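# Observations on the three-dimensional arrangement
Each chain, written out:
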Amino acid sequence: MMKTTINDIAKAANVAKSTVSKVLNDAPTISEATKQKVRAIMKELQYTPSSIATQLARQSSMNIGFLMNFDRKDDFLNPFFYSLLGGAESVTFEHQYELTISNIYNRDNDFMNQYVYSKKLDGMLINPSVLDKDIVQELERLAFPFVIVGKPKEDYGCGVTWVDIDNNSGGSMAANHLLEQGYSRIAFLGSKPEDPISDSRLTGYRNVVSTLQGTADNNEYIRLGEANEAHGYRMMNELLDMELPPDSIICVNNFVAFGALKAALDRGVRVPEELGIVTFDNYPLAPYTTPAITALDIDTFNLGVLATKVLFDKIGQVELGRQFQAIKPELIVRESTLRQG
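Report on the accompanying structure. The numbering scheme is per chain: residues are counted from 1 as the chain's sequence reads. The predicted origin of the model limits local features to residues at a pLDDT of at least 70 and limits the giving and counting of side-chain atom pairs to 80 or more, whereas totals for whole chains, interfaces and linings rest on all residues. Neither water nor hydrogens contribute to the side-chain values; these are computed over all heavy atoms in the structure.

## Observations regarding a negative patch on the surface
- Patch building starts from residues that exceed 30% relative accessible area and form no salt bridge, then joins like charges within 9 Å and nonpolar side chains (Val, Leu, Ile, Met, Phe, Trp, Tyr) within 5 Å. Areas reported here follow the Shrake-Rupley algorithm with a probe of radius 1.4 Å; residue values treat only the protein chains shown as occluding. In what follows, salt bridge is the name for a side-chain nitrogen of Lys or Arg lying within 4 Å of a carboxyl oxygen of Asp or Glu. Counting rule for charge: Lys and Arg are taken as positive, Asp and Glu as negative, and neither His nor the chain ends is counted. Charged groups are reduced to one reference atom each: NZ for lysine, CZ for arginine, CG for aspartic acid, CD for glutamic acid. On the surface, Asp132, Asp134, Glu154 and Asp155 cluster together into a patch of negative charge.
- Within the element layout of this structure, Asp132 appears in the loop between strand S3 (123–126) and helix H8 (133–141).
- Exposed residues in this analysis have more than 50% of their type's maximum accessible area, buried residues have under 20%, and partly exposed residues fall in between, with area computed by a 1.4 Å probe over protein chains only. Since its relative accessible area comes to 31%, Asp132 is described here as partly exposed. Secondary structure elements follow DSSP: runs of H or I no shorter than four residues count as helices, runs of E no shorter than two count as strands, and numbering proceeds from the N terminus.

## Description of the packing of helix H1 (residues 6–13) against helix H2 (residues 17–24)
- The N-to-C vectors of H1 and H2 enclose an angle of 105 degrees; their axes lie 8 Å apart at closest approach. Judged on the interaxial angle alone, H2 and H1 are roughly perpendicular. The residues of H2 that touch H1, namely those facing Ile6, Asn7, Ile9 and Ala10, are Lys17, Val20, Ser21 and Leu24.
- For this classification, Asp, Glu, Lys and Arg are treated as charged, while Ala, Val, Leu, Ile, Met, Phe, Trp, Tyr, Cys and Pro are nonpolar and the rest, including Gly, are polar. Taken together, the residues of the contact of H1 with H2 sort by class into five nonpolar, two polar and one charged. What counts as an axis is a line fitted to C-alpha atoms, over the stretch in contact for a helix, and the angles between N-to-C directions run from 0 to 180 degrees. Under this scheme an angle from 65 to 115 degrees is roughly perpendicular, one under 35 degrees roughly parallel, and one over 145 degrees roughly antiparallel; angles in between are oblique. The contact rule is simple, with two residues in contact once any of their heavy atoms fall within 4.5 Å.

## Topic: the sheet that holds strand S6 (residues 186–190)
- Only strands joined by at least two bridges in the DSSP assignment are considered to pair. Pairing is mixed across the open sheet formed by six strands, whose spatial order is S7-S6-S8-S9-S10-S12. Lying at the two open borders of the sheet, with one neighbouring strand each, are strand S7 (222–224) and strand S12 (330–332). Along the sheet, successive strands turn relative to each other by an average axial angle of 15 degrees, direction set aside.
- With three bridges joining them, strand S9 (residues 276–280) and strand S10 (residues 294–297) adopt parallel strand pairing. Across the sheet, residue Phe280 finds its bridge partner in S10, namely Leu296.
- Contacting S6, S7 and strand S8 (248–251), helix H11 (residues 229–240) runs over the sheet at an angle of about 150 degrees to S6.

## Points about the packing of aromatic side chains
- To pair, rings of Phe, Tyr and Trp, with the six-membered ring standing in for Trp, must have centres within 6.5 Å; the planes then decide the type, stacked if under 30 degrees apart, edge-to-face if over 60, and tilted in the middle. All told, the structure shown has five aromatic pairs when counted by the stated rule.
- Judged by centre distance (5.4 Å) and plane angle (40 degrees), the ring pair of Phe188 and Tyr205 falls under tilted. Of this pair, Phe188 sits in strand S6 while Tyr205 sits in helix H10 (residues 196–213), and the two are 17 residues apart along the sequence.
- A relative accessible area of 0% places Phe188 in the buried class.

This is the structure we're talking about:
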C-alpha cells in the first residue's frame, strides 16, 4: 500500500496543495470549515505528516519552550506546576509541536543563546522570575514570540503579553463570601511580603475589608510568614490570643489553612460557628479536612491551555486584542463557612 501524500489530500479535498500545508501549520488565514474538512480527509486516508518536512517548509523548530527559575526541590513537587504543564502540553500536542521544559536557575541569561539565537524554539512560555527589562527588550527587538505566565514584576509596555489567575478578584470573592455568611472580623494569613501571588490575594482582601477593619497599615488581622502548616498553626494561635480575635480567616493556601484549622480545633474553637475558614486552592487538602474547607479553586490546567493558545497566536502572527488575560477562581463552598442557609 502506497503512503498517502499531500497531493492525495489536496485532490480528495478539492483544494490546493498550499492549502493543505497551511492547514497542517494551523495558519489563521484558512477558514475553520476548510480546516475541519481537510483534517477529516487526513484522518480518513490515515495521513501522517512528516514533522521534518513540515519543519523544513516553515523553517521552524516545531518546538516551544517553558522556562522557569526554580531554586528549590519543593517547587517541583508543587502539583499546580504539573497541572500547568499538562495544560500547555495538551495545546502543544494539538499543533504537532514538542514542549521543552527548562529550569534556568543559576544560568544567567544563557537561555538566550541556547534557545533564541540558536532558533531551537519558535516561542516561549516564561515565568516572570526569568525576565528583566533588558531581556524583554531584546526579545521584542528580535520579534521572538513569548508569553509570560504570571503577572510580571514590572510594566514592560503594551507589546508584552501575560496571562495569570485573577488572584486579586479571588481575595475579594473570599472576603465577600464571609461577609454574606455573617462574619465581620476577617483575618488574612498570607505568605512572605515579597511573594507576588500572596500579595495580590491580600490586595483583593483589603479592597473589601478596609472600610470595615481600618486601612492597610493598621489592620491587626493580617499575618504574613512562610506559607506552610507550621506557620499557619502559629499565626492562627497569635490571632486567637488577641483581646478581640477574628471570627473568620482567609488562608493563602491549603497548608496554611490546615495548620490554622488544627490550631482552632486544639483550642476548642468551633468551625464554622465561631470561626469561618476559606482557603485558596482546592487541593491537596481542602476537600478532605473535618470540616471540609471552603476553597477558591485555581484552574492552573486551564491557565496552561490559555497561555499556550496565546503563544501559538503570536507565532502565527495573529493580532491580539489585549495585553493580558486573567482566569477568575471559582468559589467552592463547604462546611467551614456555612453559617447561613
